[in-house]
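Here is how the chains run, residue by residue.
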Protein chains: 2
Amino acid sequence: MSREKQVLREYISQNKLKLTEQRELILEAFLSVKGHVTAEELYQIVCKQNPMIGLATVYRTLNLLCECGLVQQRQFGDGQTRYELVQAHHDHLICTKCRKIVEFENEDIEKIQEQIARQHGFIIQTHKHELYGLCSDCQDKEREPLITEKQDFLVY
Amino acid sequence: MSREKQVLREYISQNKLKLTEQRELILEAFLSVKGHVTAEELYQIVCKQNPMIGLATVYRTLNLLCECGLVQQRQFGDGQTRYELVQAHHDHLICTKCRKIVEFENEDIEKIQEQIARQHGFIIQTHKHELYGLCSDCQDKEREPLITEKQDFLVY
DNA sequence: TTAAGTGCAAACCTTTTGCTGCCCC
DNA sequence: GGGGCAGCAAAAGGTTTGCACTTAA
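Residues numbered from 1 in each chain as written. Chains lettered and ligands numbered in written order. Predicted model: local features only at pLDDT ≥ 70, side-chain atom pairs only at ≥ 80, totals over all residues. Heavy atoms only, no water.

The full set close to DNA strand C counts 22 residues, and K18, T20, R23 and T57 of chain A together with Y59 of chain B are the nearest of them. At the protein interface, 73% of the atoms of DNA strand C within 4 Å belong to sugar or phosphate. The contact in question runs from a base nitrogen of DNA strand C to an N or O atom on the side chain of K18 of chain A, over 2.7 Å. Within the backbone of G54 of chain A, one N or O atom sits 3.1 Å away from a phosphate oxygen of DNA strand C. At the level of secondary structure, the elements contributing two or more residues to the surface near DNA strand C comprise α2 (21-32) and α4 (55-67) of chain A together with α4 (55-67) of chain B. For the surface near DNA strand C, the leading source of residues is α4 of chain B, giving five residues. Grouping the constituent residues of the surface near DNA strand C by class yields nine nonpolar, seven polar and six charged. (Near = heavy atom within 4 Å. Polar contact = N/O pair within 3.5 Å; in protein donor to acceptor, adjacent residues only side chain to side chain. Helix = DSSP H or I, 4+ residues; strand = E, 2+ residues; numbered from the N terminus. Nonpolar A, V, L, I, M, F, W, Y, C, P; charged D, E, K, R; others polar.)

Take a look at the structure:
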């Protein structure tokens, strides 16, 4: 059994919740896709295996998975929440044109963050670090000055 | 006249838009509050001066201000969009308990970001960097392990 | 047995849009 | 004078919730 299933089972038993078929199915479907899924996308995947599952259950289960620390929410500015497996920490590069998402990690930044937090008396629990720009493919297609184009990624 | 008013006027005349009383009033109100306002908050402020202005106009004007590069949107995970004046770039420390928001800047991080983007072939347009944690006040009040408490800041 | 979970539909909240009349340029 | 704007209300889109029924423990 995967680590994630174990964590979920433990959280469920510790909190007097119940392990249902739906919850296991949704977790499995979530694990089967890598990356940053929306609730709707996950719902579509789950539906193929069990068309009886409702969107509300997907939302409720995703929130449960957040509560037990397996999943984190992200908002990349396109109006919907994306859910992501909590693994080794990483951050994101997002292309504002084609919406490609690239993950990156950088230890130096993590260290500086800790330092900044300490200076302000904070203890960091988590962080989000997103770089928005044009990926190499999209740079070639368009070279207009930033300020003149409608900045979709900020407008949502 | 403030720099911001000038930028707005220029953007408006260049794009064959119109400078209305409402737009000027909303910009002024926006400038009068520092920090990270929601559309609703700004609407409340504007209403005190001119109760005839509608919420839709506030949204439309905020989007206009984003388009002309004066304002940026931010989502700190509490379910609503916040608008912030684009000034010297800075990032945010957010207390997950009392929701205090502290701004910070760090040149080293900016440099590393550029480097990371270059490695992935990206050209950065903007970025968001948010550290979530407990501020010094809230650390004293609560010292429970993270994983066992409901992570409100992630759930929204 | 019974408290928690599910599906469904309705409610909610924030943000956008259609429309009609208005006003800046 | 004409095209963009404002106000209003309705729509939209994502997420949550109330309810009656079902099911895990």
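And the narrative resumes.
Here we come to the interface of chain B and chain A. Tallying the contact residues gives 50 residues for chain B and 49 residues for chain A. Summed over both sides, the interface of chain B with chain A buries roughly 4600 Å², with 62% coming from carbon and sulfur. On inspection of chain B and its partner chain A, the count reaches zero salt bridges. Counting residues per element, the ones that place at least two in the side of chain B that touches chain A are α4, β2 (71-75), β4 (91-95), β5 (101-104), α5 (107-119), β6 (123-134), α6 (136-141) and α7 (152-155) of chain B. The leading source of residues in the side of chain B that touches chain A is β6 of chain B, at twelve residues. Of the residues that constitute the side of chain B that touches chain A, the class distribution is 24 nonpolar, 19 polar and seven charged. (Contact = heavy atoms within 4.5 Å. Buried area = accessible area lost by both parts, 1.4 Å probe. Salt bridge = Lys/Arg side-chain N within 4 Å of Asp/Glu carboxyl O.)

Take unusual backbone geometry next. Residues and elements named next belong to chain A. For K16, which is not glycine, the phi torsion reads 55° and is therefore positive. By secondary structure assignment, the location of K16 is in the loop between α1 (3-14) and α2. Notably, R99 is not glycine yet its phi reads approximately 70°, a positive angle. With respect to the element layout, R99 can be found in the loop between β4 (91-95) and β5 (101-104).

With an RMSD of 0.2 Å, the operation that places chain B on chain A is a rotation of 180° combined with a shift of 0.0 Å along the axis. Within this description, the copies of the chain are treated as partners about a two-fold rotation axis. Across chain B, the rotation axis passes nearest the C-alpha of H129 of chain B, at a separation of 2.1 Å. Both copies present the same face, since 98% of the interface residues in chain B are matched by interface residues at the equivalent positions in chain A. (Least-squares fit on C-alpha atoms with pLDDT ≥ 70 in both.)

Residues and elements named next belong to chain B. Within the element layout of this structure, H92 appears in strand β4. On the basis of relative accessible area, H92 is assigned to the buried category, the value being 0%. Between the C-alpha atom of H92 and that of K18, which follows or precedes it by 74 residues, the distance is 35 Å. Polar contacts involving the side chain of H92 include one to the side chain of H36, which spans 3.0 Å. (Buried < 20%, exposed > 50% of the residue type's maximum accessible area, 1.4 Å probe, protein only.)

Another aspect to go through is the sheet that holds strand β1 (residues 37-38) of chain A. Residues and elements named next belong to chain A. Read across the sheet, three strands follow the order β1-β3-β2 without closing on themselves; strand pairing throughout is antiparallel. Since the sheet does not close on itself, it has two edges, and those belong to β1 and β2 (71-75), each with one partner. As paired elements, β2 and strand β3 (residues 81-85) share five bridges and run antiparallel to each other. Within β3, the residue paired with Q73 across the bridge is Y83. (Pairing = 2+ DSSP bridges.)

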